[in-house]
Amino acid sequence: MVKNNPQNPVAALGAVLGLFSFGLPWLNIRPNRLLVGDFIWFAAGNSVFSGLALLCWLLVLIISLWPQKISAKGQILAVLGGLAALCSSLFLRDVMPAFDPSSLARASLAGGAWVFALALYVLGVGVQQSAKGWGLLLAAPIVGLGVLGSYSQLGIFAEFRADQNSFFEELRRHMVLTFLGVLVATLAGLPLAIWAARVSKVRDLVLGGVGFLQTIPSLALFGVLLPILAKLGKTVQVGPALLLGGILLASSLFFVVFPRAWPRVRAWVALPILLSSVILLPLASLWLYAFLMGDAELLSSWHWAAFLSDVGLRGIGAAPALLALSLYALLPIVSSTVLGFRSIPPGILDAAEGMGMNPLERLWQIELPLALPFILAGLRLSWVLTLGLATIAALIGARGLGFFVQRGVDGAAPDLILLGVVPVVLLALVSDVGLRWLEGRVVRG
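Report follows, based on the coordinates.

Analysis parameters
- Residues numbered from 1 in each chain as written.
- Predicted model: local features only at pLDDT ≥ 70, side-chain atom pairs only at ≥ 80, totals over all residues.
- Heavy atoms only, no water.
- Helix = DSSP H or I, 4+ residues; strand = E, 2+ residues; numbered from the N terminus.
- Buried < 20%, exposed > 50% of the residue type's maximum accessible area, 1.4 Å probe, protein only.
- Contact = heavy atoms within 4.5 Å.
- Areas by Shrake-Rupley, 256 points an atom, 1.4 Å probe, with all protein chains shown as cover.
- Expected span 1.5 Å × (residues − 1).
- Arc of directions from axis to C-beta.
- Axes fitted to C-alpha atoms, helices over the stretch in contact; angles between N-to-C directions.
- Parallel < 35°, antiparallel > 145°, perpendicular 65-115°, else oblique.
- Left-handed = near helix turned anticlockwise from the far one by under 90°.
- Nonpolar A, V, L, I, M, F, W, Y, C, P; charged D, E, K, R; others polar.
- Polar contact = N/O pair within 3.5 Å; in protein donor to acceptor, adjacent residues only side chain to side chain.
- Salt bridge = Lys/Arg side-chain N within 4 Å of Asp/Glu carboxyl O.

1. Things to note about the overall build of the protein chain
1) Next: From N to C terminus, the protein chain includes 17 helices and three strands.
2) Next: Taking all 445 residues of the protein chain together, the buried fraction comes to 46%.
3) Next: Within the protein chain, counting contacts between residues at least 6 apart in sequence, those at least 24 apart form 78% of the total.
4) Next: Accessible surface for the protein chain amounts to roughly 22,000 Å². Of this, 71% is attributable to carbon and sulfur atoms.

2. What about helix 8 (residues 200-215)?
1) Next: With 16 residues, helix 8 should cover 22 Å at 1.5 Å per step; its first-to-last C-alpha distance of 23 Å lies within 8% of that length.
2) Next: Listing the buried residues of helix 8 in full gives Val202, Arg203, Val206, Val210 and Leu213. Across the axial projection of helix 8, the buried residues extend over an arc of 115°, all falling on one side. The exposed residues of helix 8 that point more than 90 degrees off its buried face are Lys201, Asp204, Phe212 and Thr215.

3. Comments concerning the packing of helix 1 (residues 9-21) against helix 4 (residues 111-128)
1) Next: Two elements in contact, helix 1 and helix 4, have axes whose closest approach is 7 Å; the angle formed by their N-to-C orientations is 165°. Of the possible angle classes, the one that applies to helix 1 and helix 4 is roughly antiparallel. Note that helix 1 runs across helix 4; the crossing there is left-handed. Here helix 1 contributes Val10, Ala11, Leu13, Gly14, Leu17, Gly18, Phe20 and Ser21 to the contact with helix 4, which in turn contributes Gly112, Val115, Phe116, Leu118, Ala119, Val122, Leu123, Val125 and Gly126.
2) Next: Grouping the amino acids of the contact of helix 1 with helix 4 by side-chain chemistry returns twelve nonpolar, five polar and no charged.

4. Quick look at the side chain of Ser64
1) Next: Within the secondary structure, Ser64 sits in helix 2 (residues 48-64).
2) Next: Of the polar contacts made by the side chain of Ser64, one reaches the backbone oxygen of Leu61; its length is 3.0 Å.
3) Next: Aside from chain neighbours lying at most four places away, what touches Ser64 is Gln7, Asn8, Ala11, Ala12, Lys73 and Leu77.

5. Observations concerning the pattern of salt bridges
1) Next: Summed over the entire model, instances satisfying the criterion amount to eleven salt bridges.
2) Next: Here Arg172 makes a salt bridge to Glu169, at a shortest N to O gap of 3.3 Å. Here Arg172 and its partner Glu169 are both found in helix 7 (residues 164-198), three residues apart, which amounts to about one turn of the helix.
3) Next: A residue is classified by how much of its surface remains accessible, and Glu169, at 29% relative accessible area, is partly exposed.

6. Remarks on helix 2
A turn of α-helix holds 3.6 residues, and therefore any two residues three or four places apart point the same way.
1) Next: Between its first and last C-alpha, helix 2 extends 25 Å over 17 residues, near the 24 Å set by a 1.5 Å rise per residue.
2) Next: Listed in full, the buried residues belonging to helix 2 are Ser50, Ala53, Cys56, Trp57, Val60, Ile63 and Ser64. An end-on view of helix 2 places all buried positions within 160° of arc, on one side of the element.
3) Next: Turning to helix 2, the residues buried within the fold contact helix 1, helix 3 (73-95) and helix 4.

7. Notes on the environment of Val433
1) Next: With respect to the helices and strands, Val433 occurs in helix 17 (residues 414-444).
2) Next: Judged by relative accessible area, which is 55%, Val433 ranks as exposed.
3) Next: Between the C-alpha atoms of Val433 and Arg380, which are 53 residues apart in sequence, the distance is 9.6 Å.

8. Let's talk about the packing of helix 1 against helix 2
How two helices pack is summed up by the angle between their axes together with the distance between the axes.
1) Next: Relative orientation of the contacting elements helix 1 and helix 2 amounts to 155°, with a least axis distance of 8 Å. On the basis of their axis angle, the class for helix 1 and helix 2 is roughly antiparallel. The element helix 1 and its partner helix 2 pack so that their crossing is left-handed. Across the interface between the two elements, Ala11, Ala12, Gly14, Ala15, Val16, Gly18 and Leu19 of helix 1 pack against Leu54, Trp57, Leu58, Val60, Leu61 and Ser64 of helix 2.
2) Next: Along the lines of polarity and charge, the residues of the contact of helix 1 with helix 2 split into ten nonpolar, three polar and no charged.

Listed below in structure tokens is the structure:
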């Protein structure tokens with residue numbers, strides 16, 4: 001926040017959204033998944049909590065736009081926003097009907113509740129400008145009442161209770177797909193990025209290639225991979241593919257460590273080296289995927305003795321999902337790493353060379369530590385991006401949390417859609433905050 005301007009327009013926008021939410025319905029009570037049902041508005045029952053929440057948002061709007069400086073304004077806004085969240089949560093608890101556990105009736109959050117949640121998020125962004133850490137106060141009442149079971153009658157929790165076992169299985173599958181996608185992108189992208197940062201001809205090819213991948217819609221990429229992998233599964237043996245991929249990946253590491261060897265080779269060498277990540281790492285990650293998911297049948301088919309036989313890569317399932325997620329995760333890692341290495345002052349590199357450091361020593365002791373903040377930022381962006389994109393993988397049989405989204409769309413069940421969407425959003429937010437904190441600790445350390 002600018003010191004000469006005591007107003008907080010971001011917090012004011014949050015207050016406007018909070019006030020606007022009162023003009024929308026907050027709950028939709030339906031006799032079953034298919035029927036529309038009746039809406040409950042914020043003024044229902046003349047609850048004292050609705051009046052207090054309205055008063056809190058009015059105070060937030062006035063204080064955030066007050067033209068004169070107010071001591072501890074950020075903390076005051078956070079407290080008022082937290083009180084608004086508490087009153088609104090208590091209002092929902094009071095108006096929530098009690099359903100029999102075997103009932104098909106559903107109580108779903110309507111537009112007003114979602115606009116209110118957006119208002120809290122915007123207010124939190126405004127509060128963070130002047131009072132770091134106080135923004136968490138806005139979510140504390142909602143989380144606290146949720147832990148106490150105040151929202152247990154909501155449709156999303158009813159869907160969770162009905163699919164509890166499969167939910168945790170799909171959550172694990174979603175996290176495994178995300179982890180392996182980022183892992184493959186990291187192992188393939190870091191050597192390519194370092195090489196590209198050192199050689200201009202490679203830089204244009206690599207950055208252009210990973211940038212082009214981002215322009216392909218995810219569904220289109222899945223559709224392209226499906227027939228290709230189905231064909232490869234019938235004709236390609238895994239053993240030779242792993243051997244070829246290992247040779248190409250080893251050659252990429254050679255050019256990273258010894259960039260001066262580049263003038264002795266042709267420019268098209270970069271293309272097969274890029275293909276090494278497509279051949280070797282996704283195939284190896286499928287074995288790791290089977291291990292993490294406890295798929296004994298797939299794991300046994302990947303035994304070393306069976307490598308020289310066809311494993312039948314399928315056109316649907318984990319193989320195209322991991323390949324696509326890895327390709328999409330490349331851009332943040334590669335671009336951030338290239339930027340980090342290119343930002344190192346040439347004088348430092350000349351000094352390291354003058355001290356007698358060989359290329360490998362210079363890489364580990366000078367370049368990587370200086371580029372580490374950029375690399376970590378790229379990994380964080382790649383993780384959050386892949387976490388959300390993995391939801392689409394359910395459309396090609398890879399399941400994950402997108403499985404509930406697909407079922408909800410097919411069955412016109414919004415609460416089932418939320419069961420898949422809300423955990424992804426929460427995981428992305430928590431991951432971003434956690435990785436930012438870890439990034440700061442590593443860089444400062």
